[in-house]
Structures are given as C-alpha cells and as structure tokens.
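Fold and geometry: a report
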Amino acid sequence: MGTYILRRLLQMIPVILGATFLIFAMVFALPGDPLAGKCGERPCSAAYRAAFTEKYNLNDPLLVQYGKYVGKLATGDFGETYNQIKVSDQLKQRYPVTAKLALMAILFETLIGIVAGVLTGVRRGGFLDNLVLVSTLVVISIPVFVIGGLAQYFLGVKWGLFPVTVTSGEATVYQLLLPAMVLGSLSVAYVARLTRTNLVENLRSDYVRTAISKGLTKRRAIGLHALRNSLIPVVTFIGFDFGALLGGAIVTESIFNIPGIGGYIFRSIRSRDGASVVGAVTVLVIVYLVVNLIVDLLYGLLDPRISHD
Amino acid sequence: MTEATITESSSVADPHDAGDVGEERSLASDAWRSMRKNPMFWISATMIAVFVLMAVWPSLFTKTDPTFAVLAESRAKPGDGTWFGRDIQGYDIYARCIYGARASILVGLFTTTGTVLLGGTIGVISGYLGGWVDALLSRIGDVFFAIPLLLGAIIFLVSLPDFFNDNYLLIVLKVVFALVILGWPSLARLMRSSVIQVKPNDYVQAARALGASPWRVIRSHILPNALAPMIVVATINLGAYIAVEATLSFLGIGLQPPAISWGIDISSAIVGLRTTPHMLFFPSLFLSLAVLAFIMLGDVVRDALDPKNR
Amino acid sequence: MRGTARTVAVAAMSAIALLAAGCGSGDSGGDQSSAAGGKTGGEITVRGCNPQNPLVPSNTTETCGGNVIDAIFSKLVHYDPETAKPENDIAESIDTTDNQNFTVKIKKGRKFHDGTEIKAKNFVDAWNYAAYAPNGQSSGYFMEPIEGYGDMQCTGEGDDPCAGAGNAKAKELTGLKVVDDYTFTIKTTEKVSNLPVRLGYSAFSPLPDMFFKDPKSFGDKPIGSGPYKLDAWNKEQSIVLSKFADYNGDFGGKVDKITFKIYQESDAAYNDVIANNLDITDEIPTSALIDDKYKSDLPDRNAQKETGVIQTITFAPTKVDPNYADPKIRQAISMAIDRDTIIKQIFNNTRVPATGWVSPVVDGYKADQCGEYCKYDPAKAKALLQEAGGFKGSKITLSYNADAAHKDWTEATCNSIKQALGVDCVATGVVDFATFRSQIADRKMKGMFRTGWQMDYPSIENFLAPIYKTGASSNDGDYSNPEFDKLLVQAAAATDEAEANKLYQQAEALLAQDMPAIPMWYGKTTMGWSDKVTGVKITAFGTIDFTSVSLK
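As the structure is a prediction and not an experimental result, all values here were calculated from the model.

Further remarks concern the overall build of chain A. The helix and strand tally for chain A stands at twelve helices and zero strands. The helix and strand sequence of chain A, counted from the amino end, reads α-α-α-α-α-α-α-α-α-α-α-α. With 309 residues in all, chain A has 52% of them scored as buried. Taking the intrachain contacts of chain A between residues at least 6 apart in sequence as the baseline, contacts between residues at least 24 apart amount to 73%.

If you want it as structure tokens, here you go:
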C-alpha cells in the first residue's frame, strides 16, 4: 500500500509538468495583446509598451519563458500578474473560496444524486422514477448560465430565499448555498442516473438474487451488496467531478460574484495574463491528482477484488 | 416516456426467439431485434430524424430567411406573423431555431463520436493490457483530464489561429476538436474501470484460458459488459457538449456569428431572461428536445446491448 | 489621444458590463436624483472594478483606476458635475494674453494627504515625470502641447525605443517654469485657447515629493490631493477611501467613507443594489435596461444623463480601400442607417441619435451639423448610391472589437444598410481591442470600422482636432482638408471664446461634405442606487459626483 502511494506520487511529477507546459504553450500562443485594456479604450504609448514588455520578459522564446517560470515555481514563486498583484496571494485568497463552493456542490450532488438514484433504481417505473428521470433530463439539457440566472432571479431577487450575490471576500456557507446547488445541478443528474443504472444491473445480478433468496431482506441486500458495488462508477465520477468543479465554476462564479478561482482564470485568459493562468491551473492539476489517488484507493475499499499491492 | 419503461419492455423482450446462437448472430442484430419492439426507440429515432433533417435541409421547414432582420419588431412576442416571435435583432426565432439545428447537432454528434472512439479505445487498451501501457496511457489521460473541460476549451479555442473562423465547417470542427481533446480521458477512465471490473469475471478468464485472441475476448466478452456505463455517460455527454457549446458562445468563445446556433441564440437572449423570456425559451426548448431525443435513444441502445437483459 | 479616453478596461470586464459603460453624453434626467439634503457622515459602497495599473494619475487612462484617482486627486481645475464647466480648484488663477504663455497661481494652504503643502513644483515635477518617455507613463501625451515635449520622447526603433541613441534628449519640459512656491508658467508650442479647460484632466494632477523618491510603491497607496484619501486597496476586492480631515477645498464630499467594491459583472452589482447590499452602481446591465426594467426595480432610485461620448463609424483611408472614396457613397451609407430604431431596440434608448460630430455636453455644440446625411432615408440613400455609380466592392464590412459589447449594434447597423442599399453588409469581430487598434493603426483594416471618442476634457476642440486634423493622432481615416486645418488654427488662436466656438463650428460643418466618419449616437450613463443613499448625481463624464452623495 505504502509503495503504491509512493509510486503514484512519483507519477504525478510528469503529469504536472506535462499539464503546465501544455497550458503555458497555449497561453503563449494566444492571439491578441496582453496590453489590451491596460490604457483604457486607446492604445498604449510606445514608452509604456516598452517598459511593460521588458518587465514581463515578453520577448523571450517560449521555452526560455517556460524555463524561467518553472525555475521560479520550484522555489514557490508564482510570479506577478500584469496588474502587479502577486499570483500566490491571489491563489491563497481564492482557492479556499472555490474549494468550499466545490465541496458544497459535491455534497449536494452526492446526497441528492445517490438518494434519487437509489429510490428510482429500487422502484423502477414508478411515479418518482419517471419524475426524477425527466427532471434530470431537463437539468442536463439547460445550460448552466440559464439555470444560474433563473435561480438567482427567482430564489434570490424575487422571493428573497437566498442571498443574491456573495457580498464579501470571505464567502459564508449561507451565501454559497445557492451557487453550490446551481454548480452541482448538472452533476446531480449524472450521479442519479449512474447510481440508478448500476443499481438496476446489480439488482439483477446473481449475487443479489442469491442473497435475497437466502432470506436477506431486500433493504439489506441493496444496502450491503448491490449499492456498494453500484457506487464504484459513481465514486469515479465524483472524483473526476471535483477537479472539474474547481475550475469549471467560471459561469457560476461570475453570476454570483464569487471571488473564486474559475473567474480568475477566465479573466486572466482574456487579459493574456500567463502567470495567473498557469499558476492557478498548476494548483488545480495537483488537487485533481491527489483527489484521483484517493478515488483509486477507495476502489479497493469498495471492491475487495481490486487490490493495490 | 422514461428509461424505466424502456428497461421493462426490453427485459420482457423474448429471450427464446433466438434460433441460431452461433457466430452469425451478432450483437448488433440482437440489439436491433430488441430495439425495434420498443416504442421509445421509434419516438426518439423519429425526433432525431426530424432534427437531422432540419440540419440537412432547413428550408423544408421554413421559407423565412433567418438572417432577415425586422429591427422595428425586435423582441416581438409570438404571434403577429411569426410563430415564435422575434429576437433582439428582429430575426424570426422560428427560422433561427430551424437553422440552428445544424451547428448544435454537428458539435454534439462529432464530439461524442470523437470522444467515444478515442476514449473508448484507449480505455479498453489500458484496462485490458494493464502494466506499463496502462500507466503511460493513464498519465497522458491525466494531463488532459486534469485541465477542466470548460477552462481548457476556452484556452484552446482562444489560442487556435484565426483562419479557423473563415469557414463554417472549420468553426464547428474547431469546437469539436477542443472538446474531444479534453473530453476523451473521462470516457477512457470510465471504460478502463469497467474493463477492470469485468476482466476478473469467470467467463472472461475462461475465454482467455481457452486461447481466444485478445481482440475476440474484448469484443465478445468485455465490450458487451463494459459498454453500458460508457453509453450512459456518452449519451448524457452529447447533451452536455451541446450545452458546453452554448456556454462557450455565452462567454464569447466558440461558435460565432454569422454561424447560427441554438447556443449563440440562447446566449444573446439571456439578457432578456427577466423581460422577454420567449427569446430564450424557444432555442432552449429545441436544445432540450434534441438532448432528450439522444438520451432516450442512448437508453434504448444500452438496454438492447446489455446481455443481462436477454 | 486616440479612441476613447476613459472607457472601461476591456480585458477585465465582461461584454455585458461593457455595453453600459462604453459610452455615455448630456443633460437629461440628472435632476430627478438630486433630492438635496441628507445627512453628513456615514459610509457608502459603490461599484468598482479592477484598476489596470498602479494608482498614479499620469499612468491611468481607464475608468476602473480613473474613478478612484478622480476622488483622491484634486487638480488645478474642477469640472462642474452638472454642466462640465471648468472652475478653479487648486488654481487661484490661470492667466494668458496670447493663448501661448500662461501664468498659473495656486491657492496657499492646500495639502497632500501626507500633510505637506501643495506647491508649484509639485505640478511641474509631476508633468515632467509624465512627459518623460522612459518613465513609460500611459497618459504622458497629454503634455504634448507644452513646449519641449518632443525632446522628451524616445526615437529608437524596435522593442525598446529608449535604448541607446534613441533615448530622450531632455528630462524636463522647457515650457514649464517655477516662479515661486505658488506660481508657475506654461508655454505651449502653438496657441492653445482651451488649455485651462484641459488642466482638469487627471494626468495634470500634482504629485507629492515622496512620489519621486519611490514611484513604484506609490501606486499601491497613493498620496493624493483630493477630498478623499486612500485607506486600503484590497486587490481584486475593494478600495477603501475616507474623508481627508485637512481638506480645505471647495469640492469636499458629505460621506466619511467610500468603499469601491470590485465586481466583475455589472449584473452582480445591480442585483446587490436591488438587495441593498451595494449603494450605487454606475452601470445598469443590459438585462435591466430592456423595457426600462430598472425603473420598476429601482423606482425613484435611478438616473440617466448624457455624457461626453460619441460613437462613430470611420472609413478606411482611400489608399487602403478605394471602394469608399466617394463622399456620396459615404453619405449614402450614413443615410441607410436607421439610428432611431437601433437606439430604441438595441440600446433601449440609452443613446441619443447623433446629428453632428461634437457631443452636446460641451460648450460650443451646435445641433444638426450633419443635416440630412444623418437622417434615415432609404430611398434617398439608394438614389445617392446610384448617383455615385453604385458600390464597387462585393460587400460592405463593419469591423468591431469583439471583447466589448459592440456585436449587437454593428449587426443591426449592417442589417439596416443591407436592407436600404441592397448591398451585403457584414459585421466582423476582431479578437480584442489591442489587435483591432493595431490593424487600424497599421492601415491594414479595410472597409468601415467603429470608432468611439470619450472627451478628455469638456471642449469642442477635443472632438475635432485630435480626430480630423491632418496627421492627428486619432485620425484613423487619414482625413485631410486644408480648410478644416486652417479653421482649427484660427480657433486655437482666438482670444474670445464665442469666436473660437464659431470657428470650430465652421470646421465641423465641413465634415458633413466629406463624411470622413459617420456620426452614430451620443452616449448616456444610467445609474441606480439603494434606498439608503440620496443626492446621487451623474457627472458629464459619466461618473458618480461624490460631492453630493449622502446617506438619507
């Protein structure tokens, strides 16, 4: 087990380098100009431009820039944004907010999704089953910015059930409730359907039938055997989803004015601010890899046939 | 109209009518046999056929030019000579919905096909072979997967050169390309875990012990068993990709006018969410219906392919 | 002076946010907000956005930083929020007899936020710093009229024009002389009748001595000269200002504390105002402008006012694209644009159809300078086009920068042209503002392209000379008319204001014959506020007037 974890940790290094280089190269290739908007709606003066280019090494070739970047990164220096703000300060400020949001979304989607999946899977064809299937379909097919806008307008502005936007730097759980639900809504549909599908399959399988015929109550057979096996793909999915939620919250964050990482990366891409994009994505990649490792370890717990020795 | 009814009816599908259980009886023909008895198959297939027809031959459905603007009637409500009303520019929303099918359907279909082929193949290979191949492929997958889909797509699309914007098909393929590059690892991982789950089963081990070729073992034993979760996710993904395309348009990236797509129309209508929701409703409805049709079909196919149903 | 001086930092903002901010011109509606009274003291929050540069007046040309700079820096001249008329602020007097040599006397006892007194040298040093090209200040070119500016620019080629031999020859403007602590003189290269009007622009702010010791760190916590001082700048979150206790000027504010809360989306700020979480937003999102929704969301808590902005469509120079050379073709295109309908449907009446090239907010404005050529008349337009022999190219193109909200109106404009003239017209987006501008500057952009202008200072001259004078910095269409140039020189030399305005108006009338650019509309700014505040007024620049805002 220990050596397995160590091996996995070592494997992370090339992945981190690969992903950061990929992002760095893509950011480097971005068309347009990092000085766009620096001087309002007019071009910057030649003098301003020269000082700016010099300061951020914009004239170096890609590999040299990447080398300089990784060199600094190794010492924990994430560099500075084009607005003279330390990237590491921004990350420290923003990651906790987004992590909180993503965790709440995960919690929401896991709870609702698995419960809905189990209920529908056990009573197939019932009213509840139909209702859940139809509503998950609807959720999947409406883009998140429509759901977010509607939820904000009705639940926040019109009926006043939730705060309309996050109002301060330290976003509270209450303020993040609605955004987390919006963010997790698409995944609820996925989790519910995955749980249901797998549960239905497992319920038909021999071992569950055997368990029931041997006198186990249906409830016990489902809880102990069928559900545990059905959750393997679900856990895989949630593992994937955490990384995606961290960075994919762009739209949700912008609708609810959440000072998180998604919107930060998006704006940095728009302003061609390479240091911010690569720094934020690097952390994202590391988080993703760690979560992934945990998911793989969970496999072993859920399915004893898989072992990590 | 639900998956449940599909499942029920297909499990009732007669398992005894199979006369010749030999090599000739392919998985596909089995599936077809059970599918054609299923009314859901026909409903979803009809809807898809309509959308595809819309994509191929839009003028069959409307004589109105989707780029003809009557600005004075901008944001007009349905009625008054238009079925669905007019949008901000004064374009006929009905005509826009018809002509918009092409882009969304193309993006959805191409991306799903691309991710299934690429992700599925890589997933099977790494799950079946294991060892260093698995390790290498998984790490490569990690690199791409570790970059969140939406963010990655944004960076990707922004950094692709401008000449992509000149031709309609190229714009679509640009979006497809970005989504496939970033979307395949999720299917690969899912496939891989399914394969790992199925591989230890006795029938697989038995087939291998009997000397079946890897291709044969994969095709006749592993694939049918591992395919179901992948198809579920892939069909849901088809809808999600169309929605991602809409989100990218919302953010000002991806498909751009003069291309007509539901995504573009939804994003330009979003400002009217509180005031003129019909501009948002109709393209959203078309989008949702298209997604619904594909997911329904996916469910039917899944049940038909699942050997446990027979 | 190119493009629009004080517009939002495009890169950092969403498209929706930009629509409301991009343009704003006028006189209407300001009154409904000016419920006078309200108590003194207390604190308010207003919508802010991320400053793109350190907060140094001479290095800030975009609104996000500009709004803060305006509140914390007093200049020689202050513009009346209602009428945009210049009044002396730090200046005791600005005198000239020949429009070329100016003597500036400043008031005694005015202080910087660090307690030091504002003296003549604080102005002279600051302006020299701004003009010296190696300092890389973005608004250094405002010093251009002052004698000696040319020698402070770098002449080198390539990435760093200031390297080696190309370095600037002089470090100080020869046109600036300190006479005593409270007096200095300005000498301009040519006659500039409206120089005193210009001196209210933030680039002309004084800077305290400590700035010159450490210009780098100054920008994070600037020491200003205005009624408010900067307490804290929490990057990407908020900028907190508080009343400067020793302020003894005439334009102080009522509230004790102003917090600029930084928003990325105007929708989010707007929703916060409705929920009373934010006191003032200077931008109403498009979603709330449709059908005047904001008026029912914020009854009696909104205002709209014309600001000194004009949107135009410029034709590529003839040598770049000969298809538009004939003024008749240009006039035909102008007459094919249904401005009224576009403003009603696309802008929800937040623009005013332009009838000339000068904004109505400035002194010297004359209506209907464009005459029938700015009135929608598809039949005449088509006839005029035929008279000119029809359009020779395959299609008309109208380019815009896609990073701001210009898509809707350019598309609608093209549809209007297409339907009126029967010539295909395509609105073409260019990835971002910088790329868009460089294509224009390199004279590579063909067809028509959007050009906006926000006044730097409230003067008719600012709408004509920088844009249409031969060789002017923002003359994107390479317009050249000797008669026009002559009138501008005469106007700049005129000592009588009325006479100067008349000459400028004559020059403007020439533009209608040649049509170097099509006037589209004048901008308006719309604001909304919470039920906690009162006395919210919009300045002619589209900013919040902090002298009148107070808590109820």
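Once the structure has been displayed, the description carries forward.
Along the backbone of chain B there are eleven helices and zero strands. From first element to last, N terminus to C terminus, chain B shows the α and β order α-α-α-α-α-α-α-α-α-α-α. Sorting the 310 residues of chain B into buried and exposed places 55% on the buried side. Pairs at least 24 apart in sequence give 72% of the contacts found in chain B among residues at least 6 apart.

On to helix H11 (residues 261–270) of chain A. Residue and element names in this part refer to chain A. For H11, the buried fraction is high: ten of the ten residues fall into the buried class. Those residues of H11 lying buried are Ile-261, Gly-262, Gly-263, Tyr-264, Ile-265, Phe-266, Arg-267, Ser-268, Ile-269 and Arg-270. Where H11 ends, the next residue or the one after it, Arg-272, has phi of about 60°, a positive value.

Residues and elements named next belong to chain C. Burial along strand E5 (residues 101–106) is one-sided: Phe-102, Val-104 and Ile-106 are buried, while Asn-101, Thr-103 and Lys-105, pointing the other way, are not. Sheet analysis places strand E4 (residues 91–96) next to E5, joined by five bridges and oriented antiparallel. Paired with Ile-94 across the bridge in E5 is Val-104. Remark: four residues form the turn of the hairpin made by E4 and E5, two consecutive strands paired antiparallel; Asn-99 in that turn has positive phi of roughly 65°. Where E5 and strand E7 (residues 183–187) come together, five bridges link them in antiparallel fashion. Paired with Thr-103 across the two strands is Thr-185, which belongs to E7.

This part is about the packing of H11 of chain A against helix H12 (residues 274–302) of chain A. Two measures define how a pair of helices packs: the angle their axes make with one another and the distance between the axes. Residue and element names in this part refer to chain A. At a closest axis distance of 8 Å, the pairing of H11 and H12 adopts a crossing angle of 145°. The two elements H11 and H12 cross, and the hand of that crossing is left-handed. Within the contact between the two elements, H11 uses Ile-261, Tyr-264, Ile-265, Ser-268 and Ile-269 and H12 uses Ser-276, Val-277, Ala-280 and Val-281. For the contact of H11 with H12, the per-class residue count stands at seven nonpolar, two polar and no charged.

In an α-helix there are 3.6 residues to a turn, and that puts residues three or four apart on one side. With 36 residues, helix H4 (residues 87–122) of chain A should reach 52 Å at 1.5 Å per residue; the first-to-last C-alpha distance of 50 Å fits that figure. Of all the bends in H4 of chain A, the greatest, near 30°, is centred on Arg-94 of chain A, and the proline Pro-96 of chain A appears no more than four residues after it.

For Ser-296 of chain C, the position within the fold is in helix H10 (residues 293–297). Considered as a pair, Ser-296 of chain C and Glu-172 of chain C are 124 residues apart in the sequence and their alpha carbons are 56 Å apart.

A few words on the sheet that holds E4 of chain C. All names here are of chain C. Taken in spatial order, the four strands line up as E4-E5-E7-E6 in an open sheet, and their pairing is antiparallel. Either end of the sheet is taken by a strand with one partner, and the two such strands are E4 and strand E6 (176–180). Between one strand and the next, the sheet's axes are offset by a mean angle of 20°, whatever the strand orientation. Running at roughly 165° to E6, helix H4 (residues 120–131) makes contact with E5, E6 and E7 of the sheet.

This paragraph deals with the packing of helix H4 (residues 93–129) of chain B against helix H5 (residues 131–145) of chain B. Residue and element names in this part refer to chain B. Put simply, H4 and H5 touch, their axes get as near as 7 Å, and they point 145° apart. Here H4 and H5 pass one another in a crossing that is left-handed. Judged by residue contacts, Ile-122, Ile-125, Ser-126 and Leu-129 of H4 engage Gly-131, Val-133, Asp-134, Leu-137, Ser-138 and Gly-141 from H5.

Our focus in this paragraph is the domain arrangement of chain A. Residue and element names in this part refer to chain A. The domain architecture assigned to chain A consists of domain 1 (2–73) and domain 2 (87–302). Every contact between the two is made by 16 residues of domain 1 and, on the other side, twelve residues of domain 2. No other element matches the ten residues that helix H1 (residues 2–29) contributes to the side of domain 1 that touches domain 2. Classifying every residue of the side of domain 1 that touches domain 2 gives eleven nonpolar, three polar and two charged.

On to the environment of Pro-161 of chain C. Residues and elements named next belong to chain C. By secondary structure assignment, the location of Pro-161 is in the loop between H4 and E6. Given 20 C-beta atoms within 10 Å, Pro-161 falls into the buried group. When the C-alpha atoms of Pro-161 and Asn-501 are compared, they prove to be 39 Å apart, with 340 residues separating the residues in sequence.

Below, the discussion takes up the confidence of the model for chain A. Low-confidence regions, as indicated by low pLDDT, have predicted coordinates that should not be scrutinised in detail. Here chain A averages 78 in pLDDT, and 86% of its residues register 70 or above. Confidence, read as mean pLDDT per element, is least for helix H2 (residues 46–55) of chain A in chain A (71) and greatest for H4 of chain A (86).

Quick look at the nonpolar core now. Counting 344 residues, the largest nonpolar core has Ile-23 and Val-281 of chain A, Ala-153, Ile-154 and Val-175 of chain B together with Trp-127 and Leu-464 of chain C as its most contacted members. Dropping the residues within four chain positions of it, Leu-464 of chain C is found in contact with Trp-357, Val-358, Leu-488, Tyr-504, Ala-507 and Glu-508 of chain C.

It is worth spelling out the pairing of strand E12 (residues 302–315) of chain C at this point. Residue and element names in this part refer to chain C. Within E12, 14 of the 14 residues are buried, which leaves it mostly tucked inside the rest of the structure. Bridge count between E12 and strand E17 (residues 517–529): ten bridges; the pairing is antiparallel. Across the sheet, the residue bridging to Gln-311 is Trp-521, located in E17. Two strands pair when backbone bridges link them, and E12 and strand E16 (residues 448–454) are joined in this way by seven bridges, in the antiparallel orientation. The residue bridging Thr-314 from the neighbouring strand is Phe-449, located in E16.

What follows covers the confidence of the model for chain B. Residues and elements named next belong to chain B. Here chain B averages 77 in pLDDT, while 85% of its residues score no lower than 70. Low pLDDT, under 50, characterises residues 1–24; the stretch is placed with 34 contacts to residues that sit more than four places away or in other chains. Across the assembled chains, the prediction reports ipTM 0.72 with pTM 0.78.

Conventions we followed
- Residues numbered from 1 in each chain as written.
- Chains lettered and ligands numbered in written order.
- Predicted model: local features only at pLDDT ≥ 70, side-chain atom pairs only at ≥ 80, totals over all residues.
- Helix = DSSP H or I, 4+ residues; strand = E, 2+ residues; numbered from the N terminus.
- Buried ≥ 20, exposed ≤ 12 C-beta atoms within 10 Å, placed from the backbone.
- Contact = placed C-beta atoms within 7 Å.
- Pairing = 2+ DSSP bridges.
- Axes fitted to C-alpha atoms, helices over the stretch in contact; angles between N-to-C directions.
- Left-handed = near helix turned anticlockwise from the far one by under 90°.
- Nonpolar A, V, L, I, M, F, W, Y, C, P; charged D, E, K, R; others polar.
- Expected span 1.5 Å × (residues − 1).
- Bend = angle between axes of the 7 residues up to and from the residue.
- Domains from an automatic or database assignment.
- pLDDT = per-residue confidence, 0-100.
- Core = buried A, V, L, I, M, F, W, Y, C linked by C-beta atoms within 7 Å.

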